[in-house]
Amino acid sequence: MDRPDFYRFHQGNRSLPFAEAEYDARLAGLLDAMDKLGVESCVFTSMHNIAYYSGFLYCAFGRPYALVVTKSQSVTISAGIDAAQPWRRCHGDNITYTDWQRNNYWRAILSVTGPGKVIGFEGDHITLAQKALFDEFLTPARSLDIAPATMRQRMHKSPAEIALIRAGAEVADIGGYAIKDAIKEGVREIDVAMAGRDAMELEIAKRFPDAEYRDTWVWFQSGINTDGAHNPVTARKLQRGDILSLNTFPMISGYYTALERTLFVGTVDDASLEIWNANVAAHEYGMSLLKPGASCAEVTHKINDFFAERDLLQYRTFGYGHSFGVLSHYYGREAGLELREDIDTVLEPGMVISMEPMLTIAEGQPGAGGYREHDILVITEDGNENITGYPYGPEFNVVG
């Protein structure tokens, strides 16, 4: 039997998160960046850039995937285990590589790039081992890191992206209301989390009947488990007076949105209420600062000053917000658009960013626990639009 190194296996009808014209526009922007950098082709290996430029969100499971973009073509490179699914879910061409011999993945990529070219790669994703194979098989005349340029492109959302993110924020709100309804003394964190997740997945399927459904999740934390923003769900049972963190994360075609709220079970003590109200005030102040022309560092310093004036800055644990788009808890961070002291990016219309101040008070101190509010805002020509609808603050969120 003649077993090929790679082949094309195309069957079924194609279905993409966006119209073909959306991907054409993204690729045109990429080609413009490539031209300015003198790059002849790009080899993308990350989930986020492959999804951004082609629509295909891969499941690696130990196998490498790629998107190769040249001046004339865009080709996803996928493993045989996926058959024709990558082609059905991608813009452009698709090549399937086989595992009959080692490194057929790189032979498939070489068939598109050709040898001796100037090639862009993702320095923040490709491993040292894969970069060595990149050099061995592609023998580039020169290679350079294209990741910063792609990140800058992804930070500016198209109208189609904003529409999808807006839908995601609405789904997150639905998960939030389902969680609120499930909260009561004696219920486990995992039971509350499942209620929110199920509500969101059903809503996503209703709104997007042709999508792939994966990765929607909830972090619901109580008591001491609220001290970290990314603490996993446990079987801890809720008790009266517990501080709670509601976190819903719907995923739609690789696009992540989030809702995060502080709540209390049944009652809230005076010390906790004081800290909670201060964090809500910082949240509202921070949202008012998100305007075109403001830098991430400038916004961060102003919120720092707000907390310092109230002797609370020492309880802040991370930055105040980040970009949204093709990202998740395991891929796609757009580090150039985060509300931190060391980020000087200036906000521009079309960017989408969260405001999410958090204060953590240690166990044994008055008001112990983690306090966090989180809204998603679209930067407009003269300010911002808040696309999160679930209410924040004590009036709505002392429940159960």
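Please read all numbers here as calculations on a predicted model, not as lab measurements.

**Student:** How should helix α9 (residues 270-289) be read in this particular structure?
**Tutor:** Each α-helix turn comprises 3.6 residues. Residues three or four places apart therefore point the same way. For α9, built from 20 residues, the straight-helix expectation of 28 Å at 1.5 Å per residue is met to within 8% by its first-to-last C-alpha distance of 29 Å. Buried within α9 are the following residues: S272, I275, W276, A278, N279, V280, A282, H283, G286, M287 and L289. Its side-chain oxygen 3.2 Å from the backbone nitrogen of A271, D269 forms the N-cap of α9.

**Student:** Quick question: what am I supposed to make of the pattern of salt bridges here?
**Tutor:** Two side chains of opposite charge can pair, provided their charged atoms sit close to one another. For the structure shown, the criterion picks out 23 salt bridges. We note a salt bridge from R188 to D191, for which the minimum N-O separation is 2.9 Å. The class for R188 is partly exposed, based on a relative accessible area of 34%. Overall, the relative accessible area of 29% leaves D191 in the partly exposed class. For the salt bridge of D198 with R197, the shortest nitrogen-to-oxygen distance reads 3.0 Å. Three or more residues are tied together by salt bridges with common partners; here these are R333, E338, R340 and D342.

**Student:** Explain the packing of aromatic side chains to me, please; I cannot follow it from the model alone.
**Tutor:** Two measures describe an aromatic ring pair: the distance that separates the ring centres and the angle between the ring planes. Applying the stated criterion across every chain, the model contains 25 aromatic pairs. An angle of 20° between the planes, with centres 5.3 Å apart, marks the rings of F44 and Y53 as stacked. Here F44 matches Y53 in class, with each residue buried. Their ring planes at 65° and their centres at 5.8 Å tell us that F121 and F134 sit as a pair that is edge-to-face. Taken as a pair, F121 in strand β6 (residues 118-121) and F134 in helix α5 (residues 128-138) lie far apart in primary sequence, 13 residues in all. Accessibility expressed as a relative area gives 12% for F121, which makes it buried. Ring pairs connect the aromatic residues Y97, Y105, W106, F121 and F134, which therefore count as one cluster. Sitting over the ring of F306, R310 keeps its end group 3.6 Å from the ring centre.

**Student:** Would you mind showing me how to read the pairing of strand β5 (residues 93-97) here?
**Tutor:** Remark: a regular strand shows side chains that alternate across the two faces of the sheet. Most of β5 is tucked away, with five of its five residues classed as buried. Burial of β5 is two-sided: the residues D93, I95 and Y97 facing one way and the residues N94 and T96 facing the other way are all buried. Where strand β1 (residues 6-7) and β5 come together, two bridges link them in antiparallel fashion. By the bridge assignment, Y7 is partnered in β5 with T96. Taken together, the five bridges between strand β4 (residues 74-79) and β5 define a ladder with parallel strand orientation.

**Student:** Explain the sheet that holds strand β13 (residues 352-355) here, please?
**Tutor:** Sheet strands pair via backbone hydrogen bonds, and the direction of the pair is either parallel or antiparallel. Taken in spatial order, the three strands of this open sheet run β13-β16-β17, and their pairing is antiparallel. Every other strand in the sheet has two partners, leaving β13 and β17 (384-386) as the edge strands with one partner each. On average, each strand axis in the sheet is inclined to that of its neighbour by 35°, with strand direction left out of account. Inspection of the sheet shows β13 paired to strand β16 (residues 375-379) by four bridges, in the antiparallel sense. Bridged to S354 within β16 is I376.

**Student:** Before we go on, may I ask you to explain the side chain of E161 in this structure?
**Tutor:** Position of E161 relative to the elements: it lies in helix α7 (residues 159-182). Taking the relative accessible area as the measure of exposure, E161 reaches 1% and is therefore buried. For E161, the contacting residues outside a window of four places in its chain are F18, E22, R26, Y52, H156 and Y255.

**Student:** Is there a simple way to think about the nonpolar core in this case?
**Tutor:** A general feature of soluble globular proteins is that nonpolar side chains tend to end up buried together. With 85 residues, the main nonpolar core has F44, I77, W106, I109, I183 and F220 as its most contacted residues. A total of eight residues in this core trace back to one element, the largest contributor, which is α7. Excluding its chain neighbours within four sequence positions, the residues that come into contact with F220 are I179, I183, E189, V192, A193, V233, L238, L244, S245 and L246. Core analysis: the second largest hydrophobic core is formed by 33 residues, L290, Y320, L339 and Y371 among them.

**Student:** Would you take a moment to explain the packing of helix α1 (residues 20-37) against helix α2 (residues 47-54) for this structure?
**Tutor:** Angle between the axes and distance between the axes are the two parameters that describe a pair of packed helices. Two elements in contact, α1 and α2, have axes whose closest approach is 7 Å; the angle formed by their N-to-C orientations is 120°. In terms of axis orientation, α1 runs oblique to α2. From α1, Y23, R26, L27 and L30 reach across to α2, where they touch A51, Y52, Y53 and S54. Residue classes in the contact of α1 with α2 are distributed as six nonpolar, one polar and one charged.

**Student:** Looking at this model, I keep getting lost on unusual backbone geometry. Mind explaining?
**Tutor:** As a rule of thumb, non-glycine residues mostly have phi less than zero, and peptide bonds are mostly trans rather than cis. With phi around 50°, F61 is a residue other than glycine that occupies positive phi space. Summarising the element assignment, F61 is placed in the loop between α2 and β3 (66-70). Positioned with a positive phi, D215 is a non-glycine residue whose angle comes to about 75°. The exposure class of D215 is partly exposed, given its relative accessible area of 26%.

**Student:** Before we go on, may I ask you to explain helix α6 (residues 147-155) in this structure?
**Tutor:** Judged by how many residues are buried, α6 sits mostly within the fold: seven of nine residues are covered. Close packing links the buried residues of α6 with α1, β2 (41-44), α2, β6 and β7 (142-145).

Rules of the game
- Residues numbered from 1 in each chain as written.
- Predicted model: local features only at pLDDT ≥ 70, side-chain atom pairs only at ≥ 80, totals over all residues.
- Heavy atoms only, no water.
- Helix = DSSP H or I, 4+ residues; strand = E, 2+ residues; numbered from the N terminus.
- Expected span 1.5 Å × (residues − 1).
- Buried < 20%, exposed > 50% of the residue type's maximum accessible area, 1.4 Å probe, protein only.
- Polar contact = N/O pair within 3.5 Å; in protein donor to acceptor, adjacent residues only side chain to side chain.
- Salt bridge = Lys/Arg side-chain N within 4 Å of Asp/Glu carboxyl O.
- Phe/Tyr/Trp six-rings, centres within 6.5 Å; stacked < 30°, edge-to-face > 60°.
- Lys NZ or Arg CZ within 6 Å of the ring centre and 35° of its normal.
- Pairing = 2+ DSSP bridges.
- Axes fitted to C-alpha atoms, helices over the stretch in contact; angles between N-to-C directions.
- Contact = heavy atoms within 4.5 Å.
- Core = buried A, V, L, I, M, F, W, Y, C linked by side-chain atoms within 4.5 Å.
- Parallel < 35°, antiparallel > 145°, perpendicular 65-115°, else oblique.
- Nonpolar A, V, L, I, M, F, W, Y, C, P; charged D, E, K, R; others polar.

All we've got here are geometric facts, nothing functional implied.
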